[in-house]
Amino acid sequence: MYGDDIASVLITEEEIEAKVSELAELISKRYPADAPEGDLLLVGVLKGAIFFMTDLAKALPIPTQLEFMAVSSYGSSTSSSGVVRIMKDLDKDIAGRNVLIVEDIIDSGLTLSWLMRNLSTRNPASLEVVTLLRKPDALRTQVEVANVGFDIPSEFVVGYGLDYAERYRDLPYIGTLHPRVYGGETD
Ligand code: PRP
Ligand code: MN
Ligand code: MG
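Keep in mind that what you see is a predicted model, and the values were worked out from it rather than measured.

Visitor: Account for the site of ligand 1, with residues named and values stated.
Guide: Close to ligand 1 lie 19 residues; Glu103, Asp104, Ser108, Gly109 and Thr111 are nearest. Here Glu103 contributes a side-chain N or O atom positioned 2.6 Å from an oxygen atom of ligand 1. Measuring from an oxygen atom of ligand 1, one finds a backbone N or O atom of Asp107 at 2.8 Å. Among the secondary structure elements, those contributing two or more residues to the shell around ligand 1 are strand E3 (64–72), strand E5 (98–106) and helix H3 (110–120). Top contributing element to the shell around ligand 1 by residue count: E5, with 4 residues. For the shell around ligand 1, the class distribution of residues is 6 nonpolar, 7 polar and 6 charged.

What follows is the structure, given as C-alpha cells:
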C-alpha cells in the first residue's frame, strides 16, 4: 500500500490481536464490573492510540466509557521535542473516577509523564496506564506503567495508529519505516 516505505514488519496483525486480548484480561481483573467509582474511564491519547483504544474497549469484558485527549509533542519530526501541547482536552470531569490512560507507544516517556501529572491534579480515584508499545532504551524520564504490550527496540515504527508526518496510521500491523522516507539514505 505504501510501496516499499515499510522496511520490515515488526509486529503482525495477529500478534497485536493476541496481545490486546491478553491485556484486556489482565486489566479486567483489576477493575470490578460494578465499581462504586462507576465504569472504567478509558482516556485515549489522540491520535496514535485510536486503533488500540477501540480494539481494547471491544476486548474488555467490563463496561468502559471512552474519552479522548489530543496532545502533540512530535509534529512531523521523528524525535520528541518534550514540549507537550493540548490540542483537545477532556470533555468530562474525571474526579472520583477510575481512569486508564491508553497510549500506543512510550518512547522518551515525556508525553506520558506530562499527562500523568496533568490528569492527577484532577483528582481521579485511580490513574493507570496501558500502552501497546514501549521503547525501554529511549526512555528519558521515569514513568510507571502497569501494562505494557511489547517492549521494542529504538527504531522508528509506524502503523496501527502510529504515524510519520500523519501517514501510515492506517496500516493494520506495526512496521519499521525505511530510513529513506525520513531523510538521508538514497536506497
Ligand atoms: C506519539 C505517540 C505518543 C508519544 C510518545 O504521539 O503516539 O503519544 O508520541 O512519545 P514520547 O514518549 O517520546 O513522548 P505524537 O506526539 O506523535 O502525536 P500523535 O499521537 O497524534 O501521532
Ligand atoms: Mn500520540
Ligand atoms: Mg505522531
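Visitor: Lay out the pattern of salt bridges with the relevant residues and their values.
Guide: Applying the stated rule across the entire model yields 14 salt bridges. Salt-bridge contacts for Arg180 lead to Asp5; the nearest nitrogen and oxygen are separated by 3.6 Å. Of the two residues, Arg180 is situated in the segment after strand E9 (174–177) and Asp5 in the segment before strand E1 (6–11); the sequence distance between them amounts to 175 residues. Classification of Asp5 by relative accessible area gives buried; the value is 13%. Note that Asp89 is salt-bridged to Arg122, the shortest N-O span being 3.0 Å. With a gap of 33 residues between them, Asp89 in the loop between strand E4 (85–88) and E5 and Arg122 in the loop between H3 and strand E6 (126–134) connect regions that are remote in the sequence. You can call Asp89 partly exposed: its relative accessible area is 34%.

What counts, and at which threshold
Residues numbered from 1 in each chain as written. Chains lettered and ligands numbered in written order. Predicted model: local features only at pLDDT ≥ 70, side-chain atom pairs only at ≥ 80, totals over all residues. Heavy atoms only, no water. Near = heavy atom within 4 Å. Polar contact = N/O pair within 3.5 Å; in protein donor to acceptor, adjacent residues only side chain to side chain. Helix = DSSP H or I, 4+ residues; strand = E, 2+ residues; numbered from the N terminus. Nonpolar A, V, L, I, M, F, W, Y, C, P; charged D, E, K, R; others polar. Salt bridge = Lys/Arg side-chain N within 4 Å of Asp/Glu carboxyl O. Buried < 20%, exposed > 50% of the residue type's maximum accessible area, 1.4 Å probe, protein only.

So yeah, pure geometry; function would need other evidence.
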